[in-house]
Amino acid sequence: MTSGSALVVVENVQKHYGEFQALTDIDLTVNEGEVVVVIGPSGSGKSTLCRTINRLETITSGSIRIDGKELPAEGKALATLRADVGMVFQSFNLFAHLTILENVTLGPIKVRGLKKAAAEKEAMELLERVGVAKQASKLPAQLSGGQQQRVAIARALAMHPKVMLFDEPTSALDPEMINEVLDVMVELAEQGMTMIVVTHEMGFARKAAHRVVFMADGHIVEEATPEEFFTHPKSDRAKDFLSKLLTH
């Protein structure tokens, strides 16, 4: 466990879609500098949980606090809070008509009020950091999926978020591109970024996670260090999930 203070606190969260309960009694605390990887079978509520943390999905009841502040309902306060929570999606969600550089500078200029020159300088440093600085003047469609996802990471970092959410960031990528994105994420983790990562990449979970959270049927079934989870899963659901992974 890292020594940082509690940065994301999810308490007794329920999420219904009509009759269907997507999340049940979710309690999760993520400390500053901690990397938490959320895994589980499809339909277990992993992505829904990820999306509630920056209020892309509203919760039915319970509470979510980021750095001590309750998630606001909407409006300016929500936009400000969202700026503290970087999000990287399965589909890269870059603006197709903007260059790579413009995609990364848009938020800092519009939301953080940064001057264009300062935003561009920092954006170039971030694009360099994720290995796509040479692509700055291109449009997203001219980049490979792996490059686009690395741009999406740079774009989230440009807002200086307190926490980064990754919702299956590699599942839309070709196999040979997966590692180039995971490498950037591992580096972020090593640099102390607080991260909540929903992923199927067990190698990343073993390598970068401080803690693995296993979900099934909208519940958190168990939490453990990667070492404990992968070698001694406690629940039958986790054992079953891991045995299926290992046989494919």
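Residues numbered from 1 in each chain as written. Predicted model: local features only at pLDDT ≥ 70, side-chain atom pairs only at ≥ 80, totals over all residues. Heavy atoms only, no water.

(A) Inspection of the domain arrangement of the chain at higher detail. According to the domain assignment, the chain consists of domain 1 (1-43 + 54-71 + 212-247) and domain 2 (75-191). Opposite the 10 residues of domain 1 that make contact, domain 2 presents 10 residues. Taking both partners together, domain 1 and domain 2 bury about 930 Å²; carbon and sulfur atoms supply 73% of that area. Its largest share of buried area at the contact with domain 2, domain 1 owes to Asn54, Leu56 and Ile66, together 49% of the area lost on that side. A salt bridge links Lys162 to Asp67, with the nearest nitrogen and oxygen atoms 2.9 Å apart. Between the two partners, domain 1 and domain 2, sit 1 residue pair in polar contact (both at pLDDT 80 or more). (Domains from an automatic or database assignment. Contact = heavy atoms within 4.5 Å. Buried area = accessible area lost by both parts, 1.4 Å probe. Salt bridge = Lys/Arg side-chain N within 4 Å of Asp/Glu carboxyl O. Polar contact = N/O pair within 3.5 Å; in protein donor to acceptor, adjacent residues only side chain to side chain.)

(B) Structural view of helix α5 (residues 145-157). Across its 13 residues, α5 extends 18 Å between first and last C-alpha, which sits within 8% of the 18 Å expected from 1.5 Å per residue. Most of α5 sits inside the fold, with 13 of its 13 residues counted as buried. (Helix = DSSP H or I, 4+ residues; strand = E, 2+ residues; numbered from the N terminus. Expected span 1.5 Å × (residues − 1). Buried < 20%, exposed > 50% of the residue type's maximum accessible area, 1.4 Å probe, protein only.)

(C) Layout of the nonpolar core. Core analysis: the largest hydrophobic core is formed by 53 residues, its most contacted members being Leu127, Ile153, Met164 and Met195. With 9 residues, the top contributor of residues to this core is helix α6 (residues 175-190). Looking at which domains feed residues into this core, each of domain 1 (1-43 + 54-71 + 212-247) and domain 2 (75-191) supplies at least three. Within the second largest apolar cluster, 26 residues are counted, among which are Leu7, Val30, Met87 and Leu165. (Core = buried A, V, L, I, M, F, W, Y, C linked by side-chain atoms within 4.5 Å.)

(D) Local environment of the sheet that holds strand β5 (residues 69-70). Strand order in this open sheet of 4 strands is β2-β1-β4-β5, and the pairing throughout is antiparallel. At either end of the open sheet lies a strand with only one pairing partner, and these are β2 (20-31) and β5. One ladder, built from 8 bridges, connects strand β1 (residues 6-17) with β2; its direction is antiparallel. Directly across from Val8, in β2, lies its bridge partner Val30. (Pairing = 2+ DSSP bridges.)

(E) Highlighting the pattern of salt bridges. Across all of its chains, the model carries 14 salt bridges by this definition. With its nearest N and O atoms 2.5 Å apart, the salt bridge here joins Asp217 to Arg237. In this pair, Asp217 is assigned in the loop between β9 (211-216) and β10 (219-224) and Arg237 in helix α9 (residues 236-247), connecting sequence segments 20 residues apart. Using a relative accessible area of 35% as the deciding quantity, one classes Arg237 as partly exposed. Between Asp240 and Lys244 there is a salt bridge, with its nearest N and O atoms 2.8 Å apart. You can see Asp240 and its partner Lys244 sitting in helix α9, 4 residues apart, about one turn around the helix. According to the relative accessible area criterion, Lys244 is partly exposed, its value standing at 44%.

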